[in-house]
Amino acid sequence: MESVQEKIKKRRKELGLSLEDVAKALNVNRSTILRYESKSIEKMPIDVIPPLARILKCSPEYLMGWEDDEVKPVNIIYDDYFPLHYCTNLSAGSPSELLEAEPDAIVYVPIKFQSRKKRLHAFLVNGTSMNNVIEDGSIVVAEEVPDTVIKEGTIVVAWFDGEATVKRIYPGDTQVTLMPDSTDKGHQPIIVNTQETQIYIFGRVIWHMNPDDIEKYY
């Protein structure tokens, strides 16, 4: 059975990380990591195991030898984030149907927004109409706010004609322009006549993240 020290060294090499890489991520000296990988250390400090496991993309249990030697994916939850449930299958329906859809996923949102949690809604972005700012496949978090707070150019999640969309908004007296922000010039502004068509604003986008880039947060 591999020791904790052997597992640390093995995982570091599997990930192609140098001693300096791990030391920098853990905010310690290179010699400290070298010591953690050495059998000469009598007892591994227990408080260093969780952050070290995050850096090595494995579970603390794996490093401690409490589970088998197969490295399993582990969900990283930071103390400075809180969970927000959302539905990934949002495409069409009324505003109430979209907001009340059964959640099937969770996104972890920075703790600084927790006081607003009751006003927050998360949505999965499908499409490239905002890819200068928000990539396809990102998760956006929108906050319900009064219309007076929404200024020209604010990125919002809007609903009209039975579908939700993420765009920059430019409100007018009798119409609202929903403007894309994309590298694809095929996306055109959407002009909604508010006297003829109902438009509902779920909220302004206050935060977003792309799951494909989640390693940047480790």
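Residues numbered from 1 in each chain as written. Predicted model: local features only at pLDDT ≥ 70, side-chain atom pairs only at ≥ 80, totals over all residues. Heavy atoms only, no water.

1. Some details on the overall build of the protein chain
Secondary structure summary: the protein chain contains six helices and nine strands in total. Within the protein chain, residue pairs in contact and separated by at least 24 positions form 56% of the contacts whose partners lie at least 6 positions apart. For the protein chain, the accessible area works out to roughly 12900 Å², and carbon and sulfur atoms hold 47% of it. (Helix = DSSP H or I, 4+ residues; strand = E, 2+ residues; numbered from the N terminus. Contact = heavy atoms within 4.5 Å. Areas by Shrake-Rupley, 256 points an atom, 1.4 Å probe, with all protein chains shown as cover.)

2. Regarding the nonpolar core
Within the largest apolar cluster, 18 residues are counted, with the highest numbers of intra-cluster contacts made by Ile 8, Leu 26, Ile 33, Tyr 36, Met 44, Leu 52 and Leu 63. Looking at this core, the elements that each hand over two or more residues are α1 (4–14), α2 (19–26), α3 (30–36), α4 (49–55) and α5 (60–64). Once you skip the residues sitting within four places of it in the chain, Leu 63 turns out to touch Val 4, Lys 7, Ile 8, Ile 49, Leu 52, Ala 53, Leu 56 and Cys 58. (Core = buried A, V, L, I, M, F, W, Y, C linked by side-chain atoms within 4.5 Å. Buried < 20%, exposed > 50% of the residue type's maximum accessible area, 1.4 Å probe, protein only.)

3. Observations regarding the confidence of the model for the protein chain
Overall, the prediction assigns the protein chain a mean pLDDT of 83, with 85% of residues at 70 or greater. Note on residues 214–218: pLDDT under 50 across the span, and nine contacts to partners over four residues away in sequence or across chains. (pLDDT = per-residue confidence, 0-100.)

4. A closer look at the pattern of salt bridges
A complete count under the given rule lists seven salt bridges for this structure. The partner of Arg 11 in a salt bridge is Glu 14, and the shortest N-O contact between them spans 2.7 Å. Here Arg 11 pairs with Glu 14, and both are found in helix α1, just three residues apart, close to one helical turn. Take Arg 11: its relative accessible area is 8%, and that puts it in the buried class. Of the residues examined, Glu 14 reaches a relative accessible area of 45% and is grouped as partly exposed. (Salt bridge = Lys/Arg side-chain N within 4 Å of Asp/Glu carboxyl O.)

5. Quick word on the sheet that holds strand β3 (residues 120–124)
If you walk across this open sheet you meet the seven strands as β3-β4-β9-β5-β6-β7-β8, and the pairing is antiparallel. Single-partner strands in this sheet number two, and they are β3 and β8 (190–193). For this sheet the average axis-to-axis angle between neighbouring strands, irrespective of direction, equals 45 degrees. Of the pairings in the sheet, the one linking strand β6 (residues 163–171) to strand β7 (residues 175–179) comprises four bridges and is antiparallel in character. For Ile 169, the partnering residue across the bridge sits in β7 and is Leu 178. (Pairing = 2+ DSSP bridges. Axes fitted to C-alpha atoms, helices over the stretch in contact; angles between N-to-C directions.)

6. Observations concerning α2
When we look at burial in α2, the residues that qualify are Leu 19, Val 22, Ala 23 and Leu 26. Projected down its long axis, α2 carries its buried residues within an arc of 100 degrees, all on one side. Pointing more than 90 degrees away from the buried face of α2 are the exposed residues Lys 24 and Ala 25. Tucked inside the fold, the buried residues of α2 contact α1, α3 and α4. Count one or two residues on from α2 and you reach Asn 27, which has phi positive near 60 degrees. (Arc of directions from axis to C-beta.)

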